[in-house]
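Chain by chain, the residues:
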Amino acid sequence: MLDSCKLKSACNLPFICNKKIINTAGTSNAEVPLADPGMYQLDITLRRGQSLAARDRGGTSDPYVKFKIGGKEVFRSKIIHKNLNPVWEEKACILVDHLREPLYIKVFDYDFGLQDDFMGSAFLDLTQLELNRPTDVTLTLKDPHYPDHDLGIILLSVILTPKEGESRDVTMLMRKSWKRSSKELSENEVVGSYFSVKSLFWRFQTQSLRLSDLHRKSHLWRGIVSITLIEGRDLKAMDSNGLSDPYVKFRLGHQKYKSKIMPKTLNPQWREQFDFHLYEERGGVIDITAWDKDAGKRDDFIGRCQVDLSALSREQTHKLELQLEEGEGHLVLLVTLTASATVSISDLSVNSLEDQKEREEILKRYSPLRIFHNLKDVGFLQVKVIRAEGLMAADVTGKSDPFCVVELNNDRLLTHTVYKNLNPEWNKVFTFNIKDIHSVLEVTVYDEDRDRSADFLGKVAIPLLSIQNGEQKAYVLKNKQLTGPTKGVIYLEIDVIFNAVKASLRTLIPKEQKYIEEENRLSKQLLLRNFIRMKRCVMVLVNAAYYVNSCFDWDSPPRSLAAFVVVEDMLEDEEEEDDKDDKDSEKKGFINKIYAIQEVCVSVQNILDEVASFGERIKNTFNWTVPFLSWLAIVALCVFTAILYCIPLRYIVLVWGINKFTKKLRSPYAIDNNELLDFLSRVPSDVQVLQFCLESCLTCLHFEICDVNIS
């Protein structure tokens, strides 16, 4: 019995892959490759494509390439516009846990606002690559539905290297031990061989843990790139009126940002600021493309440029004037590289706040005495993702492969995957740096799929100001829109430490925009809801108008006497512009007209939402929906009243005017903002209040059901 147990344990040791040299990727080998226990680094250079398929009406395509391993996207190339023989010359560095999963290469044609067209795919068998040797690979693109079609080829250069030399030595020793134990041995020889392999296995397991920890840390960013888009100069005119409606897209790896649209100008002033995360020590390259917005048809390409972050020094702001390639004009940017914020992933046993020394340091960092030290560092957030129960079965086997994504604004971290389990336990601790105390923590559970994108299982959204420190709570998972529950609950324990003065000051500056948000789509239900919200706000204004009218009708003499002091507004007649834009001489097709109508409907839907949200936020400020913001408004009004009492109004207006007129001289690249609008942007609208209230109601209902079941 003892011997059989020993042999069973020995048989569970990982096998070693057989490696062969290839120059092209084709079908997999007949013999099944054995698993490789080490971690590898796969360096890929995407060279070019030849004779790719035409997917656009003009007989061309806008191709880009995706690399996938295990169903997850690990790299996406830049888009080459209107070219069937594109040259990319892009490099990617990928960490590979094992070589069983092939590298899938998929090519798509980019269509703005529409679903991208499939242009072909191929795969590369990693088990047939020779270690430490550059290999040129030619991949023939195929469509599984039309295998006879010729879709062109993709040329790559790849090199596969072990991440740790020690791991490879352990692998070779295990191979020798396994070969020796597979021969006919006596009972004593088998036991001795088992213990020899066991000692090597424990050595390998320690090495594997260290390597997997390294792989986990690769998901954490090593720095932050702060980008300010200032202006464009002498951009190319793309419309018939001699102007353009330009906007700019930025991309760093998988991170993307799209600027606002500046209508009818060739010298736009954006003054937008956003941050990207740096995942590579070398810095990476930011791809920048400028576009002209066209309603009802594809946007026009104005030009492109790149910023090589490896050439920029850290902790210093660089002013860049970039010439647009394949077009005309310049873009002016401010780029700053800084060290990484406080983010980490650890096991449940490693807890920053439970260590008394670390907790005291964190409390000291955000004490009231350090108000003006790094105003962007508002607070510290620790999230314990413990477990989930009763998740939805997403696979045909009645199970799921769940993993969890924790997001705070643009900071995004994830847990490992627990395979074939509807009640997973993660036991992970995440820490974040809080830049805005009015942010919302989002925790989303997905099901990992090998050959396609992950399936959504549920989501919770928790405002930081509503968190009760140190309390483990079960949150009911909801749908993507946070309007109703799905199946399952997730157990979280959250702690928030912040400086109230810093948080108040940050409330009066522009809110950070999420650059991974999806664009709004036309929805009949959403359009109707926004119309009803808008109607309520209009009715408030109508009632106010009736109230004012009653003053002029002398329904209440004291009120009418007070209203008598109101002077008439001076109305200025504005001359209507005689110059009208030239009509486009092109005849739009039926599909283009449909897209134009859809864009107009989406714009109306968004405008209704913005106006209704503005009115609801004003109301929610005065009904104490968020006590922190209501107290802040009261304190600000009290301070303003005291200033008016002590200082004459004319001096206040004089100081305000001098500040406004000299602002551009003192800080030419400052971002314009309105403190009142920035404050209101932090107040939740009625829709957001309903989402957050539903979260707490569902949680309470879950606990009541659990109590009933226990009883």
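Figured I'd write up the structure that's included with this text. Keep in mind that what you see is a predicted model, and the values were worked out from it rather than measured.

Concerning helix 11 (residues 675-682)
- Those residues of helix 11 that sit buried are Asp-678, Phe-679, Leu-680 and Arg-682.
- Its side-chain oxygen at 3.0 Å from the backbone nitrogen of Leu-676, Asn-674 defines the N-terminal cap of helix 11.

Topic: the pattern of salt bridges
- This model, assessed by the stated rule, comprises 15 salt bridges.
- In this structure, Asp-287 and Arg-251 form a salt bridge, with 3.1 Å as the shortest nitrogen-oxygen distance. In this pair, Asp-287 is assigned in strand 13 (residues 285-292) and Arg-251 in strand 10 (residues 246-252), connecting sequence segments 36 residues apart. Of the two residues, Asp-287 and Arg-251, neither departs from the other in class, the shared state being buried.
- By sharing partners, the salt bridges in this structure join Glu-231, Arg-233, Lys-319 and Glu-321 into a single network.

Looking at unusual backbone geometry
- A positive phi angle is found at Lys-420, which is not glycine, with a value near 50 degrees.
- Considering the arrangement of structural elements, one finds Lys-420 in the loop between strand 20 (411-414) and strand 21 (425-434).
- In this structure Lys-420 comes out as exposed when scored by relative accessible area, which is 64%.
- With phi around 60 degrees, Leu-482 is a residue other than glycine that occupies positive phi space.
- Counting through the fold element by element, Leu-482 comes out in the loop between strand 24 (471-478) and strand 25 (485-498).

What about the packing of aromatic side chains?
- Within the structure shown, the criterion is met by 14 aromatic pairs.
- When the centroid spacing of 5.2 Å and the interplanar angle of 80 degrees are considered together, the rings of Trp-624 and Trp-631 count as edge-to-face.
- For Trp-624, a relative accessible area of 38% corresponds to the partly exposed category.
- Grouping aromatic residues by their ring pairs yields a cluster made of Phe-250, Tyr-257, Phe-274 and Phe-276.
- Cation over ring: Lys-258 sits above Tyr-247, and NZ or CZ is 4.7 Å from the ring centre.
- The ring of Tyr-491 is capped by Arg-387, whose NZ or CZ atom sits 4.0 Å from the centre of that ring.

Focus: the sheet that holds strand 9 (residues 223-233)
- Reading across from one edge, 12-9-16-15 is the order of the four strands in this open sheet, with antiparallel pairing throughout. A single partner strand is all that each edge strand has here, and the edge strands are strand 12 (269-278) and strand 15 (317-323). Pairs of neighbouring strands in the sheet enclose a mean axial angle of 25 degrees, with direction left out of account.
- Of the strand pairs in this sheet, strand 15 and strand 16 (residues 330-339) are connected by seven bridges, and their pairing is antiparallel. The partner of Leu-322 across the bridge, within strand 16, is Leu-331.

Thoughts on the nonpolar core
- Among the nonpolar cores identified, the biggest contains 41 residues, and Leu-381, Val-385, Phe-432, Ile-490, Leu-492 and Ile-494 are the most heavily contacted of them.
- The residues contacting Ile-494, other than those within four sequence positions of it, are Leu-381, Gln-382, Val-383, Leu-441, Ile-462, Ile-467, Gln-468, Asn-469, Gly-470, Glu-471 and Tyr-475.
- One finds Ile-44, Leu-124, Leu-129 and Val-158 within the second-largest nonpolar core, a separate group that totals 33 residues.

Observations regarding the sheet that holds strand 3 (residues 72-76)
- The four strands are arranged 3-2-5-6 in an open sheet whose pairing can be described as antiparallel. The sheet is open, and its two borders are formed by strand 3 and strand 6 (117-124), each paired with just one other strand. Shown here is a sheet whose adjacent strand axes are inclined to one another by a mean of 25 degrees, direction ignored.
- In the sheet, strand 5 (residues 103-109) pairs with strand 6 via seven bridges, with the strands oriented antiparallel. Across the sheet, the residue bridging to Val-107 is Gly-120, located in strand 6.

Some remarks on a negative patch on the surface
- On the surface, Asp-355, Glu-358, Glu-360 and Glu-361 cluster together into a patch of negative charge.
- Its location among the elements puts Glu-358 in helix 4 (residues 356-365).
- You can call Glu-358 partly exposed: its relative accessible area is 35%.

Here we look at the pairing of strand 11 (residues 255-258)
- Taking every second residue as pointing to the same face, the buried face of strand 11 carries Gln-255 and Tyr-257, while none of Lys-256 and Lys-258 on the other face is buried.
- Summarising the sheet, strand 10 and strand 11 pair through four bridges and their orientation is antiparallel. Across the sheet, residue Lys-249 finds its bridge partner in strand 11, namely Lys-258.
- Count of turn residues in the strand 10/strand 11 antiparallel hairpin: two residues, of which Gly-253 carries a positive phi of about 65 degrees.

Criteria and cut-off values
Residues numbered from 1 in each chain as written. Predicted model: local features only at pLDDT ≥ 70, side-chain atom pairs only at ≥ 80, totals over all residues. Heavy atoms only, no water. Buried < 20%, exposed > 50% of the residue type's maximum accessible area, 1.4 Å probe, protein only. Helix = DSSP H or I, 4+ residues; strand = E, 2+ residues; numbered from the N terminus. Polar contact = N/O pair within 3.5 Å; in protein donor to acceptor, adjacent residues only side chain to side chain. Salt bridge = Lys/Arg side-chain N within 4 Å of Asp/Glu carboxyl O. Phe/Tyr/Trp six-rings, centres within 6.5 Å; stacked < 30°, edge-to-face > 60°. Lys NZ or Arg CZ within 6 Å of the ring centre and 35° of its normal. Pairing = 2+ DSSP bridges. Axes fitted to C-alpha atoms, helices over the stretch in contact; angles between N-to-C directions. Core = buried A, V, L, I, M, F, W, Y, C linked by side-chain atoms within 4.5 Å. Contact = heavy atoms within 4.5 Å. Patch = residues over 30% accessible without salt bridge, like charges linked within 9 Å, V, L, I, M, F, W, Y side chains within 5 Å. Areas by Shrake-Rupley, 256 points an atom, 1.4 Å probe, with all protein chains shown as cover. Lys, Arg positive; Asp, Glu negative; His and termini not counted. Charge placed at Lys NZ, Arg CZ, Asp CG, Glu CD.

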